[in-house]
Amino acid sequence: MSDQAASMSIDTTPAASAAEDAGGAEETGDSAEGGASKKAIKKAAKDAEKAAQKAAKAAEVAEREQAQQGGPDPLAHKYGNMPLIQSQERTGKVWTNVKHVDDNKVYQTVTLRGRVHNVRGKGKSAFLVLRQQTATIQVIFFVDEVNVSKGMVKFVSNLTKESVVDIQGVVKKPNEPIAGCTQQTVELEASSIFCISRSEPRLPFEIDDAARPDAAFDAEDSQYVRVGQDTRLNHRIIDLRTPANQAIFRVQSGVCQLFREALQAQDFVEIHTPKLIGGASEGGASVFKLDYMGQPACLAQSPQLYKQMAVESDFERVFEIGPVFRAENSNTHRHLCEFTGLDMEMAIKEHYFEVLDVLDTLFLHMFDGLTERFAHELSVVNQQHPFEPLKYLRPTLRLEFPEGIRMLQEAGVDVDPLGDLSTETERVLGGLVKDKYDTDFYILHKYPNAARPFYTMPCPNNPDYSNSFDIFIRGEEIISGAQRVHDVDLLTKRAAEHGIEVETIQAYIDAFKYGATPHGGCGVGMERVVMLFLNLGNIRKTSMFPRDPKRLQP
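For the structure given in this document, a descriptive report is provided here. Keep in mind that what you see is a predicted model, and the values were worked out from it rather than measured.

Thresholds, definitions, all that
Residues numbered from 1 in each chain as written. Predicted model: local features only at pLDDT ≥ 70, side-chain atom pairs only at ≥ 80, totals over all residues. Heavy atoms only, no water. Buried < 20%, exposed > 50% of the residue type's maximum accessible area, 1.4 Å probe, protein only. Helix = DSSP H or I, 4+ residues; strand = E, 2+ residues; numbered from the N terminus. Arc of directions from axis to C-beta. 1 Å grid on protein atoms, 1.4 Å probe; cavity = no way out; pocket = protein on both sides within 12 Å on 5 of 7 lines; lining within 4 Å. Points joined across faces, edges and corners; volume = space filled by probe spheres on them. Nonpolar A, V, L, I, M, F, W, Y, C, P; charged D, E, K, R; others polar.

## Observations concerning helix 11 (residues 375-384)
Line of reasoning, step 1. Every buried residue belonging to helix 11 is among Glu-377, Leu-378, Val-380, Val-381 and Gln-384, and all of these are buried. Here the buried residues of helix 11 occupy an arc of 160° about the axis, which is enough to place them on one side.

## Remarks on empty space enclosed by the protein
Line of reasoning, step 1. Enumeration over the complete set of coordinates arrives at 2 cavities of 30 Å³ or more.
Line of reasoning, step 2. Lining the largest cavity are His-117, Asn-118, Lys-161, Glu-162, Leu-203, Glu-206, Ile-207 and Asp-208.
Line of reasoning, step 3. Mapped by element, the contributors of at least two residues to the lining of the largest cavity are strand 2 (109-122) and helix 5 (207-210).
Line of reasoning, step 4. When the residues that make up the lining of the largest cavity are grouped by side-chain class, the tally is 2 nonpolar, 2 polar and 4 charged.
Line of reasoning, step 5. Within this model, the second largest cavity holds a volume of roughly 30 Å³.
Line of reasoning, step 6. Looking at the second largest cavity, the residues that line it are Lys-275, Pro-303, Glu-320, Ile-321, Gly-322, Pro-323, Val-324, Gly-341 and Asp-343.
Line of reasoning, step 7. Residue assignment for the lining of the second largest cavity shows that the elements contributing at least two residues are strand 11 (317-325) and strand 12 (338-347).
Line of reasoning, step 8. Residue contributions to the lining of the second largest cavity peak at 5 residues, all from strand 11.
Line of reasoning, step 9. A class-by-class count of the residues in the lining of the second largest cavity yields 4 nonpolar, 2 polar and 3 charged.

## Section: unusual backbone geometry
Line of reasoning, step 1. That bond from Arg-394 to Pro-395 is cis: its omega, -5°, falls within 30 degrees of zero.
Line of reasoning, step 2. Note that Pro-395 resides in the loop between helix 11 and strand 13 (397-400).
Line of reasoning, step 3. Omega for the peptide link from Gln-553 to Pro-554 comes to -10°, which places this bond in the cis form.
Line of reasoning, step 4. Topologically, Pro-554 is positioned in the segment after helix 16 (526-533).
Line of reasoning, step 5. Positive phi values are uncommon outside glycine, yet Asp-438 reaches one of about 55°.
Line of reasoning, step 6. Here Asp-438 shows up in the loop between helix 13 (423-437) and strand 14 (441-445).
Line of reasoning, step 7. The exposure class of Asp-438 is partly exposed, given its relative accessible area of 41%.
Line of reasoning, step 8. In this structure, Arg-474 is a non-glycine residue whose phi angle is positive, near 50°.
Line of reasoning, step 9. Mapped onto the secondary structure, Arg-474 falls in the loop between strand 15 (468-473) and strand 16 (476-483).

Rendered as structure tokens:
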């Protein structure tokens, strides 16, 4: 065989064979019978056309079957697992937050990133609920061989819950509102989907179970699974994904933001004080002790001493948002071993009521701000943990401690008139105040001297009392504050009376030797404010990674 013959290809398709037959007929046909030859040629051409159509259809079917079996899919470039994102490039994509996909974006193409909240596939369609923070939207996939193939539907159906995905599609109006999604009046008709990170198929618990309304468990015959507190906290990264938790910690952020705003508007300066100190900042044994380069030290129970020193350094009005540590073995609904303190301190001219005036303005600003700016978040929390909106007066109600004692005694409560109030007594008094004054928020001042720290200024008219106050929300204390002692001799005497070794706080006492400004302030437990404002019932719900006597992880 010659090289030329070897390089020739032979077309063996049905169309080629039919054409050859037609050519043969033309060459051997009798010229006298020309009509018959034309008829044969026409028939052969028609047969060839049919054969070509049949071959094309067979090839298309084969391609689809190959795609179903895991082979090449002509739409494979529209779905799949993305390579690990290592900041290889920036594509210039415009991303849309799920919460912003609404009626205004109908017929627009958007790109979303979120988690697979739920997915259901059947035959030539799949329905996926995409979740981003507190928002959810339904995404639909219908096989059309233009944007969505069977391979894509199969890929979508096999995605595990909580996987992170990118989806592009056109926003459409559904025939009926989408029950179970926050974006009820729209849905996304997908044209591509890529998995950024695939979740393990077995979750510690279902997000739907963790997000179920409290009322769902009230019925005696409830079949729902309640996710326990320890299970939630052990897998906090999953628990924090629920819409209510997403909202709670945005409210918490708002508390800090509004605290800053209110004080900065009143000429306060934000400061940052040490958390490693050489002596107990409030006295007593409830401190976390540690070795500091061979010296005994502890974690600060409060920025109290340093706030005062800052005032005496002529900053006059200061505040801090920072961690506070208490080594108290208190396994209650409202105590933590580490929490975030919202602290303020200020110089006063004549009376500690000047501090109360600032706090009144601060909390009215905070409560108004939370109600107005975080209405969506409050609504989301309310869906899982229903609560009554906080009631508060303008100006804030102020009661003297002896008056509170009288109210308790008139209600039949046995209480020490010169002792501190127990948690239960505070709750009872809160109920009495609510009934009488219709407020959940009030100030109780002029506490007994014996119930306050060593740096609290005694009352000038009655040594049994002090220039101090607590502030309450829904019958629970959120603030403890007072006018501070700024006289060296009185401060030294009171420290000794409280069992504090004076040499361990000598630097603090020395701060008042060189001309001291009268001052006062308070400390606010941030987690407690959020817990009580939302009436959540347990402070662990408002601490992102709580530290109590039994928990040091995660």
